[in-house]
Amino acid sequence: MDYPNNFDIPSFSAGRTVAFSRSVSIWISIVFFLIIAACGFVLLGIHFKQNYPFLISIDPFTDDWSVVTYPNEKKAVSQYQLIQEKLVNDYIKNWFTISGNNEINESRWQECSVDECQNPEQFNPYNFECALSCKSSSKLFDDFSRDVLPEYRARVSQGNEKWTVVSKLFTNEKITINSGHWQFVVEIASNINGPFKVLGFIQIERDISMYPATFGYYVQDFNAYRIPNE
Amino acid sequence: MNKIKSFFIGLILLITTFIVVLLAALVYRANERTSVKSYIFQMGNFANQRVGTLQDINEISTNDLRNKLIKKYVSEYFKVIPGEADVTKRPVLYSLGENTFEQWKKTEAKTIADMSAKKMFRMVRVSDDGIMLLNKQDIKYSTKDEAESVYYEVRYRMATWMESNRMETEPIYDQGTIYLEARFKPGIKPGISVRKYLEEGEDPVGLFMFEVTNIGNKER
């Protein structure tokens, strides 16, 4: 049947007109629908056209190539990464600070037992009591006391040298819930020898029973090297 | 008959409505997702390491990119990081030269492992002047599939710190020459989605068509 044209029914003379207007209205609806659909596709197109830039940077010191990207699910910062970062930050500050007040220095460098370290103050960045001992593995703290501390004490007693950490810069590699490898570059200002740069590596491990004040995280290994001024 | 017709018309209307609702939902989603991310938080402040302007890959000259890859290779070849668990796991070195990796394991890896265990640290520097072409005056980068092998003479400088955590320790400087046979073609490896590759945390070095195929004798 030829629908809108051949729709003459004797009993209903307006049939053709009605059929025609119905067809037109259906076509209008279809066109309207297509317009809406097109709008939707345009917006979808915009959605897929979002461009996120990737930034590849080359470290002048270590020749490492790193990528900075937008925050996605894989790159989200986890709690343990933040806690480790905080530990690294505090640890570097405590390792490289030599105060003008020797009592503070000795307090920072003293060794504390596990019981003494069970103190929530250990997570306070301004706390310096046992700041190194409570966050280091026992081997690392022994190495510090044996190799580094005499040098620090000599600096204090011979020339009243003071060290302040001016700027810190660290990158993280291989972070898991139980460990982390960090690399840092810090600039230290000495009141006698001027500023100098230090590049170093930190390895973090986790043992909840021994280091409860820092959520179990402690510094397993710390290696730093002074970069000669060019 | 009329009832069947109106049933089908009703059905078509229902389907149409459903499609419109679906489209509206997609439009809503697109609207929500299209946003400019004006603030990006970063873990550390790397800004002072990133001096200079940002450059698009097409703005970097071919030779510059090639030199950067050579520097990266030489740096990976000799660098020593203290307390490295397994020095033979150097995915970047492997991806830049599969053929030479075994040779590296036999020659350099043992020394590096010893130094790493002793908490020594070694940094390698190659300056742009230190990379020289051998035998060829001018490279023409072909657009063919297979890139041509070119020989390079690379002069490097190494700084080695013999012990860690001693701030009075000065590094020992050393220099040497290494001969590389390498294939390089400008551009990014075909059939690789840069976005996916980088999102998966792979090293960006692997994106480029650079491969060291042979290592010559080196003199110190």
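What counts and what doesn't
- Per chain, the residues get numbers from 1 upward, laid out in the order the sequence is written.
- Chain labels run from A onward and ligand labels from 1 onward, assigned in the order the entries are written.
- Where local features are concerned, this predicted model is filtered to residues with pLDDT of at least 70; where side-chain atom pairs are given and counted, the filter is 80 or more; whole-chain, interface and lining totals use all residues.
- For the purposes of this entry, the term helix denotes a DSSP run of H or I that reaches at least four residues, the term strand denotes a run of E that reaches at least two, and both are numbered from the N terminus.
- Three exposure classes are used, based on other C-beta atoms lying within 10 Å of a residue's own C-beta, which is placed from the backbone: buried for 20 or more, exposed for 12 or fewer, and partly exposed in between.
- Each residue gets a C-beta atom placed from its backbone, and two residues are in contact if those atoms lie within 7 Å.
- In this analysis, strands are considered paired if DSSP registers two or more bridges between them.
- Each axis is a line fitted through C-alpha atoms, and for a helix only the stretch in contact is used; angles between axes span 0 to 180 degrees, taken between their N-to-C directions.
- Between the first and last residue of a helix there are one fewer steps than residues, each counted as 1.5 Å, and that sum is the expected span.
- For our purposes the nonpolar core covers buried Ala, Val, Leu, Ile, Met, Phe, Trp, Tyr and Cys residues that link as a set through C-beta atoms within 7 Å.
- A residue's bend is given by the angle between axes fitted to the 7 residues ending at it and the 7 residues starting at it.
- Each residue gets a pLDDT score, which is the predictor's confidence in that residue and runs from 0 to 100.

Undergrad: Explain the overall build of chain B residue by residue, including any values.
TA: Secondary structure summary: chain B contains five helices and five strands in total. Counting from the amino terminus, chain B carries its helices and strands in the arrangement α-α-α-α-β-β-β-β-α-β. Within chain B, the fraction of its 220 residues that count as buried is 22%. In chain B, 71% of the contacts between residues at least 6 apart in sequence involve partners at least 24 apart.

Undergrad: So what about the overall build of chain A? Which residues, and what values?
TA: Scanning chain A for helices and strands turns up five helices and six strands. Along chain A, helices (α) and strands (β) appear in the sequence α-β-β-α-α-α-α-β-β-β-β when read from the amino end. Counting only residues that meet the buried cut, chain A has 21% of its 230 residues in that class. Partitioning the intrachain contacts of chain A with sequence separation of at least 6 by distance along the chain shows that 50% fall at a separation of at least 24.

Undergrad: Describe in detail the sheet that holds strand E3 (residues 163-175) of chain A, supporting the description with residues and values.
TA: Residues and elements named next belong to chain A. The antiparallel open sheet is built from four strands, whose spatial order is E3-E4-E5-E6. Each edge of the open sheet carries a strand with a single partner, namely E3 and strand E6 (217-227). Averaged over all neighbouring strand pairs, the angle between strand axes comes to 20 degrees, with direction disregarded. With 11 bridges connecting them, E3 and strand E4 (residues 179-190) associate as antiparallel partners.

Undergrad: Describe helix H2 (residues 79-96) of chain A, naming the residues involved and giving the relevant values.
TA: The end-to-end C-alpha distance of H2 of chain A is 26 Å, a good match for the 26 Å that 18 residues give at a rise of 1.5 Å each. Inspection of H2 of chain A places Gln 84, Leu 87, Val 88, Asp 90, Tyr 91, Ile 92, Asn 94, Trp 95 and Phe 96 of chain A among the buried residues, and these make up the whole buried set.

Undergrad: Pulling in residues and values, what's your account of unusual backbone geometry?
TA: All names here are of chain B. Positive phi values are uncommon outside glycine, yet Lys 119 reaches one of about 60 degrees. Counting through the fold element by element, Lys 119 comes out in the loop between helix H4 (98-117) and strand E1 (121-125). By the C-beta count within 10 Å, which is 20 here, Lys 119 ends up buried.

Undergrad: Give me the pairing of strand E4 (residues 172-188) of chain B: which residues, what numbers.
TA: All names here are of chain B. Pairing between strand E3 (residues 149-161) and E4: 12 bridges, direction antiparallel. Bridge assignment links Tyr 151 to a residue of E4, and that residue is Glu 181. Relative to strand E5 (residues 208-215), E4 runs antiparallel, the two sharing seven bridges. Directly across from Arg 183, in E5, lies its bridge partner Glu 211.

Undergrad: Describe the nonpolar core, and please don't skip the residues or the numbers.
TA: Among the nonpolar cores identified, the biggest contains 39 residues, and Tyr 91, Ile 92, Ile 202 and Val 219 of chain A are the most heavily contacted of them. Of all the secondary structure elements, the ones that give two or more residues to this core are H2, helix H5 (138-159), E4, strand E5 (194-206) and E6 of chain A together with H4 of chain B. Not counting residues up to four positions away in its chain, the partners in contact with Val 219 of chain A are Tyr 91, Lys 135, Ser 136, Ser 137, Leu 140, Ile 202 and Ile 204 of chain A. Counting residues in hydrophobic clusters, the runner-up holds 25 residues, among them Leu 69, Ile 70, Phe 184 and Ile 215 of chain B.

Undergrad: Quick rundown of the environment of Pro 4 of chain A? Include the residues and the values.
TA: Residue and element names in this part refer to chain A. Here Pro 4 shows up in the segment before helix H1 (15-48). C-beta crowding within 10 Å serves as the criterion here: with 15 such atoms nearby, Pro 4 is assigned to the partly exposed category. In this structure, the C-alpha to C-alpha distance between Pro 4 and Ser 23, residues 19 residues apart in sequence, is 7.3 Å. Among all residues touching Pro 4, those that are not within four sequence positions of it are Ala 19, Phe 20 and Ser 23.

Undergrad: Give me the lowdown on H4 of chain B, citing residues and values where you can.
TA: Along an α-helix, residues three or four positions apart point the same way, because every turn accommodates 3.6 residues. Its maximal kink placed at Trp 104 of chain B, H4 of chain B deviates by approximately 50 degrees. Among the residues of H4 of chain B, Thr 100, Trp 104, Ile 112, Met 115 and Ser 116 of chain B are the ones counted as buried.

Undergrad: Break down the environment of Asn 63 of chain B for me, citing the residues and quoting the values.
TA: Residue and element names in this part refer to chain B. For Asn 63, the position within the fold is in helix H2 (residues 62-78). Looking at Asn 63, the number of C-beta atoms within 10 Å reads 15, which means it is partly exposed. The spatial distance from the C-alpha of Asn 63 to the C-alpha of Pro 186 is 9.0 Å, given a sequence separation of 123 residues.

Undergrad: Provide a residue-level description of the environment of Val 27 of chain B, including the pertinent values.
TA: Examined against the element boundaries, Val 27 of chain B turns out to sit in helix H1 (residues 2-33). Residue contacts for Val 27 of chain B: discarding those within four places in its chain leaves Gly 40 and Leu 43 of chain A.

Undergrad: Tell me what's going on with the confidence of the model for chain B, and back it up with residues and numbers.
TA: Residues shown with low pLDDT carry predicted positions that ought not to be read at fine detail. When pLDDT is averaged across chain B, the result is 81; 81% of the residues are at 70 or more. With pTM at 0.73, the complex prediction returns an ipTM value of 0.72.

Undergrad: Now, about the pairing of E3 of chain B: what can you tell me, with residues and values included?
TA: Residue and element names in this part refer to chain B. Where E1 and E3 come together, five bridges link them in antiparallel fashion. Bridge assignment links Phe 121 to a residue of E3, and that residue is Trp 161. In this sheet, E3 lies alongside strand E2 (residues 131-134) in antiparallel orientation, the contact comprising four bridges. Following the sheet pairing, Ile 131 is matched in E3 by Val 154.

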